[in-house]
Amino acid sequence: MVTPFHADGSLDTDGAARLATYLVDEQGNDGLVVNGTTGESATTTDAEKDAVLRAVLEAVGDRARVIAGVGTNDTRHTVDLARAAEKAGAHGTLVVTPYYNKPPQSGILYHFRTVADQCGLPMMVYDIPGRTGTAIHTETMVQLAEHERIVAVKDAKGDLAATAWVTKCTDLAVYSGEDKLTLPLLSVGAVGVVGVPTHLFGRQTKEMIQAYEAGEVARALELHHKLLPVYEGFFRTQGVILAKAALMLEGLPAGPVRPPLCEVNPAEIARLREDCAAAGLTLGDANRAAAIESYALTTHHLGVDE
């Protein structure tokens, strides 16, 4: 889930509550990940993370599972965020592999196990070597699965053979971390997706997954093909940028992104509308498109006095 901001870049908790309600009640999403990468966790403070998590929990109650992104490249900081999420009432945590400092596999084991030991919530491990610089080896994943609170994986490794070994050797619930690989990952034992186009294509994505689970593989492939334009389109630039643009075109809470991310240009908006139309959704009117184009990288967004 994106983190809505006001036009000046400040946190919009009311918008977060409205968006969460829409994503659950209208889009049919079974759960929401708050403060993940798409939630711009790299540029929100710990206090903002807590505020948006509490707003979402209050908005959706028990109608959906709310997973708090708490991952950092500092084990102690991650533990602090996990404990704060537990105190706020989150249903689980999403913990990414420590990034930039590139720990060895023994350090990765220590990191995830320590967070799981220090927090009572179930954990989803996030394996995304393209961002973190370090893949979680299959042997490491098998060892992580031995912990009673490490129960799931968000798999953005793009290695179906490795995922197949994880589903063969563990009871971890594997969720696709790349929308375009959801159907292929289902074929090797995955159970769902932590998505970005699901902001506006949640019901279609759920239908695809349910069709596959019901043995209606041809129908699942048909839906996968229909959704391919948005699977590609939302990631022509950073996913959160185009997700927020699409939401604003639909008149939904989103607002600008925070630097160093930057706003979409007219050509990107036009292409986004084409991609969504190809998948069956006509995005909002020209006035909304013009409003999105009016956002700019300003000193207000940077929090610098003029």
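Residues numbered from 1 in each chain as written. Predicted model: local features only at pLDDT ≥ 70, side-chain atom pairs only at ≥ 80, totals over all residues. Heavy atoms only, no water.

Novice: Would you mind going over the overall build of the protein chain in detail, with residue names and values included?
Specialist: Broken down by element type, the protein chain carries 14 helices and 7 strands. Relative to the compact-globule value of 19 Å for 306 residues, the protein chain shows a C-alpha radius of gyration of 19 Å, a close match. Summarising its shape, the C-alpha atoms of the protein chain cover approximately 55 × 50 × 35 Å along the three principal directions. Put simply, the protein chain has 306 residues, and 51% of those count as buried. Sequence-distant contacts in the protein chain: of pairs separated by 6 or more residues, those separated by 24 or more amount to 66%. A total of about 13400 Å² of accessible surface is found on the protein chain, and carbon and sulfur atoms cover 51% of it. Positive and negative side-chain charges of the protein chain, numbering 26 and 39 respectively, have mean locations separated by a distance of 2 Å. (Helix = DSSP H or I, 4+ residues; strand = E, 2+ residues; numbered from the N terminus. Rg over C-alpha atoms; globule rule 2.2 N^0.38 Å. Buried < 20%, exposed > 50% of the residue type's maximum accessible area, 1.4 Å probe, protein only. Contact = heavy atoms within 4.5 Å. Areas by Shrake-Rupley, 256 points an atom, 1.4 Å probe, with all protein chains shown as cover. Lys, Arg positive; Asp, Glu negative; His and termini not counted. Charge placed at Lys NZ, Arg CZ, Asp CG, Glu CD.)

Novice: Quick rundown of the environment of Ala 64? Include the residues and the values.
Specialist: Within the element layout of this structure, Ala 64 appears in the loop between helix H2 (46-60) and strand E2 (65-69). The exposure class assigned to Ala 64 is buried, which follows from its relative accessible area of 2%. The contact partners of Ala 64, leaving out residues within four places of it in the chain, are Val 24, Asn 29, Asp 30, Gly 31 and His 91.

Novice: Please set out the sheet that holds strand E1 (residues 31-34) residue by residue, giving values where relevant.
Specialist: A sheet is described by the order of its strands in space; here 7 strands give the open sequence E1-E2-E3-E4-E5-E6-E7, paired in parallel fashion. For this open sheet the edge positions go to E1 and strand E7 (192-193), each flanked by a neighbour on one side alone. Where strand E5 (residues 150-155) lies against strand E6 (residues 173-176), 4 bridges are found, and the strand directions are parallel. Following the sheet pairing, Val 153 is matched in E6 by Val 174. (Pairing = 2+ DSSP bridges.)

Novice: Tell me about the UniProt feature "binding site: pyruvate" (unreviewed entry) in the protein chain, and please be specific about residues and values.
Specialist: Feature annotation in UniProt places "binding site: pyruvate" (unreviewed entry) on Thr 38 and Val 194, given in this structure's numbering. A stretch of 157 residues holds the annotated residues, and the largest C-alpha distance among them is 10.6 Å, short enough that they meet in one place. Tracing the backbone through its elements, the reader meets Thr 38 in the loop between E1 and H2. Structurally, the position occupied by Val 194 is in the loop between E7 and helix H9 (198-213). Given a relative accessible area of 15%, Val 194 falls into the buried group. Sequence-distant contacts of Val 194, defined by excluding residues within four places in its chain, comprise Val 33, Met 124, Lys 154, Tyr 175, Ser 176 and Gly 177. (UniProt positions renumbered as here; feature names shortened; annotations may be inferred.)

Novice: How would you sum up the packing of aromatic side chains? Please name residues and give values.
Specialist: In this structure the tally under the stated criterion is 0 aromatic pairs. The ring centre of Phe 5 lies 4.2 Å from the NZ or CZ of Arg 258, which sits over that ring. (Phe/Tyr/Trp six-rings, centres within 6.5 Å; stacked < 30°, edge-to-face > 60°. Lys NZ or Arg CZ within 6 Å of the ring centre and 35° of its normal.)

Novice: Mind laying out the UniProt feature "site: Part of a proton relay during catalysis" (unreviewed entry) in the protein chain, listing which residues take part and the relevant values?
Specialist: Following the UniProt record, one finds the feature "site: Part of a proton relay during catalysis" (unreviewed entry) at Thr 37 and Tyr 100. Secondary-structure assignment places Thr 37 in the loop between E1 and H2. Ignoring any residue separated from it by four or fewer positions in sequence, one finds Thr 37 in contact with Tyr 126 and Arg 131. Note that Tyr 100 resides in the loop between strand E3 (92-96) and helix H4 (105-118). Tyr 100 sits in the exposed class, given a relative accessible area of 74%.

Novice: Run through unusual backbone geometry, naming residues and quoting values.
Specialist: Cis geometry is found at the peptide bond from Pro 259 to Pro 260, where omega equals 15°. Within the secondary structure, Pro 260 is located in the loop between helix H11 (239-249) and helix H12 (266-278). Phi at Asn 35 takes a positive value of approximately 65°, unusual for a residue other than glycine. By the element assignment, Asn 35 lies in the loop between E1 and H2. On the basis of relative accessible area, Asn 35 is assigned to the buried category, the value being 4%. Unlike most non-glycine residues, Glu 40 shows phi in positive territory, near 60°. Structurally, Glu 40 can be placed in the loop between E1 and H2.

Novice: Describe in detail the environment of Cys 262, supporting the description with residues and values.
Specialist: For Cys 262, the position within the fold is in the loop between H11 and H12. For the pair Cys 262 and Ile 241, spaced 21 residues apart in sequence, the C-alpha to C-alpha distance is 7.4 Å. Apart from residues no more than four positions distant in its own chain, Cys 262 is found in contact with Ile 241 and Val 257.

Novice: Describe in detail the packing of H9 against helix H10 (residues 217-233), supporting the description with residues and values.
Specialist: Here H9 crosses H10 at 150°, and the two axes come no closer than 8 Å. In terms of axis orientation, H9 runs roughly antiparallel to H10. Along this stretch, H9 crosses H10, giving a crossing that reads as left-handed. Side by side, H9 and H10 meet where Phe 201, Gln 204, Thr 205, Glu 207, Met 208, Ala 211 and Tyr 212 of the first sit next to Val 217, Arg 219, Ala 220, Leu 223, His 224, Leu 227, Val 230 and Tyr 231 of the second. A per-class count over the contact of H9 with H10 returns 10 nonpolar, 3 polar and 2 charged. (Axes fitted to C-alpha atoms, helices over the stretch in contact; angles between N-to-C directions. Parallel < 35°, antiparallel > 145°, perpendicular 65-115°, else oblique. Left-handed = near helix turned anticlockwise from the far one by under 90°. Nonpolar A, V, L, I, M, F, W, Y, C, P; charged D, E, K, R; others polar.)

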